[in-house]
Amino acid sequence: MTHEERLRAWAKGLHALVAATELLIRAYGGVVAKPGNPWVFDVVGNPDKDGIDLR
C-alpha cells in the first residue's frame, strides 16, 4: 500500500477529511502530503491508527 493509499484509507468515511486529504495529495504534485512534513505523523505500531495521522 502506498503512502497516498494509506492517507486515503485513513480519511475514508468522513467527507470533509476525504476532501482535505485529496487536496493535500494533489496539491503541488503531492509534496505537501509526503512523509516528513510536520503535519503528517507516522504512527505505525499504534493499533488504534492505520499508520498515519494528519495534524
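Residues numbered from 1 in each chain as written. Predicted model: local features only at pLDDT ≥ 70, side-chain atom pairs only at ≥ 80, totals over all residues. Heavy atoms only, no water.

**Considering unusual backbone geometry**
- Backbone geometry at Tyr 28 places phi at a positive 55°, although glycine is not the residue there.
- Residue placement: Tyr 28 occurs in the loop between helix H2 (15-26) and strand E1 (40-42).
- Since its relative accessible area comes to 72%, Tyr 28 is described here as exposed. (Helix = DSSP H or I, 4+ residues; strand = E, 2+ residues; numbered from the N terminus. Buried < 20%, exposed > 50% of the residue type's maximum accessible area, 1.4 Å probe, protein only.)

**Description of the packing of helix H1 (residues 3-11) against H2**
- Following both chains from N to C, one finds H1 and H2 inclined at 165°, their axes separated by 8 Å at the closest point. One finds that H1 runs roughly antiparallel with respect to H2. Considering how the two elements wind past one another, H1 and H2 form a crossing that is right-handed. Residues Glu 4, Leu 7, Arg 8, Trp 10 and Ala 11 of H1 pack against Leu 17, Val 18, Thr 21, Glu 22 and Ile 25 of H2.
- Grouping the constituent residues of the contact of H1 with H2 by class yields six nonpolar, one polar and three charged. (Axes fitted to C-alpha atoms, helices over the stretch in contact; angles between N-to-C directions. Parallel < 35°, antiparallel > 145°, perpendicular 65-115°, else oblique. Left-handed = near helix turned anticlockwise from the far one by under 90°. Contact = heavy atoms within 4.5 Å. Nonpolar A, V, L, I, M, F, W, Y, C, P; charged D, E, K, R; others polar.)

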